[in-house]
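# A look at the structure
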Amino acid sequence: MKLKGLDYLGISDHFSDEEIMVQHNTRQFVEKEIMPVIEQHYREGTFPHDLIPKFAEMGFLGINAPSEYGGGGMSNVTYGLVCQELERCDSGIRSFVSVQGSLVIYPISAYGSEEQKLKWLPKLTSGESIGCFGLTEADYGSNPAGMQTNAKKVEGGYLINGSKMWITNGSIADIAIVWAKTEDGIVRGFIVEKDMKGFSAPLMKNKWSLRASVTSELVFDNVFVPDQNLLPNVQGLKGPLGCLTQARYGIGWGTIGAAMAVYEASLKYSKERIQFDKPIASYQLVQQKLVWMLNEITKGQMIALQVGKNKDNQTLKFQQVSLIKRNNVWVARECCKLARDIHGGNGVSGEYPIMRHLMNIESVFTYEGTHDMHTLILGNDITGIPSFE
Ligand code: FAD
């Protein structure tokens, strides 16, 4: 069984039966449950909260997390394909799943105590609890090492002070994985629970991008976090960066889904739209744009597959994840612009999905390491010379 859609080189021949089945089921679910409601949520700036239990039922929350704590235990290629299918619909939906899986379930699995894993992972994979990941601050985005949020040791725990910005899922989260510096200047991870005194997560309004995703500030005013909520098994920036490697991997697959969506819409539109008595698809300039999209998307799919295989074989370098994130988000961004152009005036209309994808990708281009920061990570890797630190 193969899915209809863009697969010019037959890359899906390399997927296992399980991977193809999950992709197929995800596509059907997205078309039945998310596609019909996404435009309205986008216009209203709301997240389809009622779908969370169904996401869990479909196994989207922690697909590649260890099965002994409720995760799917599936391959990283499977996780990538799910991200691709979700982002074919909307980057905000994929962001929800990325945060829950890669930025909340992952750090608890990788850095948490046995007690933390038993307490939180089954709730997070079943959608009973929602999580968010607090790293970015107003003055420290690309340079999280400068973070000001701090954790002071007191009897039985820590007092956290500071604030975080641009936090996906913040206002709907039951727990936040928060990165803060202890008095010795070392970054540590904490599980902050929503009802802890002094903690609030106000919604950030007025976003023109990822409108079907919740984005929030996190504010800590002397929040007491008990010792048992400190993630014991990691210290320093490698903690949050390790989580970002997981999420960036999913973004690399996901954004190719958005690119596929706008390519497919453009191909259809160009065959239907008549100008000068012919479909616009008959003009060489339009064909050139469609072929550019086909070409770059196909390369992006190949990169995604190889990076996925490396991740499954445990040979993946984090710099390879920079390559997939950097390339595939850029491809999606360029495809959205071309699709907007091919759709003419209709390209700016909410009747078509193009502008929504285009606006979404602007956030994805910046979050999880900006395009330029990934350029510098790769530049460092190939020259051995760091240009930032
Ligand atoms: P800056 O770091 O100020 O960058 C501005 C520009 O300067 C960029 O072009 C950048 O590439 C460039 N620049 C910076 N330093 C250098 C340099 N050394 N050399 C060359 N160019 C440089 N964060 C979280 O912690 N959790 C989340 O869940 C989360 N969700 C988000 C959701 C949305 C919708 C958005 C928009 C952001 C989210 N973020 C989240 C924050 C995101 O990760 C940051 O916005 C991102 O890291 C960039 O930081 P900044 O916005 O402060 O930009």
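Residues numbered from 1 in each chain as written. Predicted model: local features only at pLDDT ≥ 70, side-chain atom pairs only at ≥ 80, totals over all residues. Heavy atoms only, no water.

## Brief notes about the site of the ligand
- By nearness alone, 18 residues border the ligand, and Thr136, Ser142, Trp166, Thr168 and Thr370 come closest of all.
- Only strand E3 (157–168), helix H9 (354–366) and helix H10 (371–383) provide two or more residues apiece to the shell around the ligand. (Near = heavy atom within 4 Å. Helix = DSSP H or I, 4+ residues; strand = E, 2+ residues; numbered from the N terminus.)

## Concerning the pairing of strand E2 (residues 150–154)
- Bridging between E2 and E3 involves five bridges; their strand directions are antiparallel. If you follow Lys153 over to E3, its bridge partner there is Tyr158.
- As paired elements, E2 and strand E4 (residues 175–182) share two bridges and run parallel to each other. When the sheet's bridge partners are listed, Ala151 is paired in E4 with Thr182. (Pairing = 2+ DSSP bridges.)

## Some points on the packing of aromatic side chains
- The full count for this structure, using the stated rule, is 14 aromatic pairs.
- Taken together, a centroid distance of 6.1 Å and an interplanar angle of 70° make the contact between Phe29 and Phe55 edge-to-face. In this pair, Phe29 sits in helix H1 (residues 17–44) while Phe55 sits in helix H2 (residues 52–58), placing the two residues 26 residues apart along the sequence.
- When its relative accessible area of 0% is taken as the criterion, Phe55 is described as buried. (Phe/Tyr/Trp six-rings, centres within 6.5 Å; stacked < 30°, edge-to-face > 60°. Buried < 20%, exposed > 50% of the residue type's maximum accessible area, 1.4 Å probe, protein only.)

## As for the environment of Cys336
- Counting through the fold element by element, Cys336 comes out in helix H8 (residues 318–342).
- A C-alpha to C-alpha distance of 9.2 Å links Cys336 and Ala261, two positions 75 residues apart in sequence.
- What Cys336 contacts, discounting residues up to four positions off in sequence, is Val262, Ile354, His357, Leu358 and Ile361. (Contact = heavy atoms within 4.5 Å.)

## Regarding the state of the cysteines
- Overall, the coordinates contain zero disulfides when judged by the stated rule.
- Of all cysteine sulfurs, the one in Cys89 lies closest to Cys83, which takes part in no disulfide; the gap is 13 Å.
- The thiol of Cys132 is not disulfide-bonded; the next cysteine sulfur, from Cys243, is found 13 Å away.
- For Cys132, a relative accessible area of 0% translates into the label buried. (Disulfide = S-S within 2.5 Å.)

## Side note on the pattern of salt bridges
- Inspection of the entire model under this criterion finds 18 salt bridges.
- In this structure, Asp90 and Arg356 form a salt bridge, with 2.6 Å as the shortest nitrogen-oxygen distance. With Asp90 in the loop between helix H3 (76–89) and helix H4 (91–111) and Arg356 in helix H9, this pair connects stretches of sequence that are 266 residues apart.
- Exposure remark for Asp90: the relative accessible area of 0% places this residue in the buried category.
- Overlapping salt bridges, with partners in common, bring together Glu31, Arg88 and Glu264 in one network. (Salt bridge = Lys/Arg side-chain N within 4 Å of Asp/Glu carboxyl O.)

## Things to note about the nonpolar core
- The biggest cluster of nonpolar side chains holds 37 residues, and the ones touching the most others in it are Phe15, Ile34, Phe55, Phe60, Leu86, Phe96 and Trp253.
- Going through the elements one at a time, H1, H2, H3, H4, helix H6 (238–272), helix H7 (284–312) and H8 are the ones with two or more residues in this core.
- Contact partners of Trp253, with chain neighbours within four places excluded, come to Phe15, Val77, Gly80, Leu81, Cys83, Gln84, Ala304, Leu305, Gly308 and Ile324.
- Counting residues in hydrophobic clusters, the runner-up holds 30 residues, among them Ala259, Ala332, Cys336 and Leu358. (Core = buried A, V, L, I, M, F, W, Y, C linked by side-chain atoms within 4.5 Å.)

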